[in-house]
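# A look at the structure
Each chain, written out:
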Amino acid sequence: MLCCAAPSKRKLHVRLPLKTHRDGAILQVTLDRPKANAIDLQTSRQMGEVFAGFRDDPDLRVAIITGGGDKFFCPGWDLKAAADGDAVDGDYGIGGFGGLQELRGMNKPVIAAVNGIACGGGLELALSADMILAADHATFALPEIRSGTVADAASVKLPKRIPYHIAMELLLTGRWFDVQEAKGWGLVNEILPADQLMDRAWELARLLASGPPLVYAAIKEIVRDAEDAKFQDAMNRITKRQLPTVDLLYSSEDQMEGARAFAEKRDPVWKGK
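Residues numbered from 1 in each chain as written. Predicted model: local features only at pLDDT ≥ 70, side-chain atom pairs only at ≥ 80, totals over all residues. Heavy atoms only, no water.

### Quick word on helix α7 (residues 197–209)
The end-to-end C-alpha distance of α7 is 18 Å, a good match for the 18 Å that 13 residues give at a rise of 1.5 Å each. Along α7, the residues classified as buried are Leu197, Ala201, Trp202, Leu204, Ala205, Leu208 and Ala209. Seen end-on, α7 carries its buried residues on one side only, within an arc spanning 165°. Exposed and oriented more than 90 degrees from the buried face of α7 are Asp199 and Leu207. (Helix = DSSP H or I, 4+ residues; strand = E, 2+ residues; numbered from the N terminus. Expected span 1.5 Å × (residues − 1). Buried < 20%, exposed > 50% of the residue type's maximum accessible area, 1.4 Å probe, protein only. Arc of directions from axis to C-beta.)

### Structural notes on the environment of Pro34
Considering the arrangement of structural elements, one finds Pro34 in the loop between β2 (26–31) and α1 (41–56). Given the relative accessible area of 56%, Pro34 is considered exposed. Separated by 34 residues in the primary sequence, Pro34 and Gly68 place their C-alpha atoms 7.9 Å from one another.

### A look at the environment of Glu221
By secondary structure assignment, the location of Glu221 is in helix α8 (residues 213–226). Between the C-alpha atom of Glu221 and that of Ala138, which follows or precedes it by 83 residues, the distance is 30 Å. When neighbours within four sequence positions are excluded, Glu221 is seen to be in contact with Asn107, Leu243, Pro244, Thr245 and Val246. Within the structure, Glu221 has its side chain in polar contact with the side chain of Thr245 (distance 2.4 Å). (Contact = heavy atoms within 4.5 Å. Polar contact = N/O pair within 3.5 Å; in protein donor to acceptor, adjacent residues only side chain to side chain.)

### Side note on the packing of aromatic side chains
One pass over the full model with this rule turns up three aromatic pairs. Measuring from ring centre to ring centre gives 5.5 Å for Phe140 and Phe177, while their planes differ by 25°; the resulting arrangement is stacked. On the criterion of sequence distance, the pair formed by Phe140 in strand β8 (residues 139–141) and Phe177 in strand β9 (residues 177–178) is long-range, its members being 37 residues apart. By relative accessible area, which is 4% here, Phe177 ends up buried. Every member of this aromatic cluster is reached through a ring pair, and the members are Trp77, Tyr92 and Phe97. Positioned above the aromatic ring of Phe54 is the side chain of Lys108, whose terminal nitrogen or guanidinium carbon lies 5.1 Å from the ring centre. (Phe/Tyr/Trp six-rings, centres within 6.5 Å; stacked < 30°, edge-to-face > 60°. Lys NZ or Arg CZ within 6 Å of the ring centre and 35° of its normal.)

### Examining the pairing of strand β7 (residues 131–135)
Taken across its five residues, β7 has four buried, putting it largely inside the fold. In terms of strand pairing, strand β5 (residues 110–114) meets β7 through four bridges, oriented parallel. Looking across to β7, one finds that Ala112 is bridged to Ile132. In terms of strand pairing, β7 meets strand β10 (residues 190–192) through three bridges, oriented parallel. Its bridge partner lying in β10, Ala134 is registered against Ile191. (Pairing = 2+ DSSP bridges.)

### Things to note about the confidence of the model for the protein chain
For the protein chain, per-residue confidence averages 89 on the pLDDT scale, and 91% of positions sit at 70 or higher. Across residues 1–14 the pLDDT falls below 50, and counting only partners more than four positions away or on other chains, this stretch makes zero contacts in the model. (pLDDT = per-residue confidence, 0-100.)

### Some remarks on the layout of surface pockets
Put simply, the largest pocket is a space of about 1,700 Å³. Secondary-structure elements contributing two or more residues to the lining of the largest pocket are α3 (121–127), β7, α4 (152–161) and α8. Here the lining of the largest pocket gets six residues from one element, more than from any other, and that element is α4. Classifying every residue of the lining of the largest pocket by side-chain character gives 28 nonpolar, 10 polar and 12 charged. Put simply, the second largest pocket is a space of about 400 Å³. Contributing to the lining of the second largest pocket are 18 residues, with Arg55, Pro58, Lys108, Pro213 and Leu214 lying nearest its centre. When residues of the lining of the second largest pocket are assigned to their parent elements, the largest contribution, four residues, is made by α8. For the lining of the second largest pocket, the residue count by class is eight nonpolar, four polar and six charged. (1 Å grid on protein atoms, 1.4 Å probe; cavity = no way out; pocket = protein on both sides within 12 Å on 5 of 7 lines; lining within 4 Å. Points joined across faces, edges and corners; volume = space filled by probe spheres on them. Nonpolar A, V, L, I, M, F, W, Y, C, P; charged D, E, K, R; others polar.)

Pasting the structure below:
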């Protein structure tokens, strides 16, 4: 006869890799995987679910992405998980790596609050945001070349964001650069003391949350659509209302509210419809 021991009543503490905090129309997402906030496949899939939920929630208008602790924002791909079997070309989930850089229809502002080291896929995650605030001790690199692989998203995005020769230097050498250099090349919007970073991120998020969501959506879709288009072709698609967000905006109550508020010399009240 087999005898089974009574189950233990001790509760096991399972640390979740993501923390979310919602305040009104703002969602803060904190990547919290000690020691370095690296992203494995499971974490990436969870991030995709969170950001897709943010995208699809009509009551949310702005997201902030940051890292737990005060040393790492994110070093990118979890090489220990890769050594244990996570495939570099595995299923990252909705939105691709980190849930954000390939997420379709993300028409809401996202702020990256870089609280420390942002390298590899971590820098690519920050590049997926619309604005980047960084602590004064933040550092950056694209060191994939030293691991025998490619910084794929950065290879697409970086030469479009900063001078080509600088982007190629960073990609081909994998060298580190500090936050002052990042600001100099326009990769960072603001540099802040570490203890002021999140306060400033929330201040900016509240400013954006008070703005017209339909206009933000149109701006983001226009920017994406026009990235590889000729100027006149892009303008034709806008003026002919061929972009869904533009068509919605031009028929919206918010469009009329903006005009009325200007004429009446008052602050507009945006309804997002």
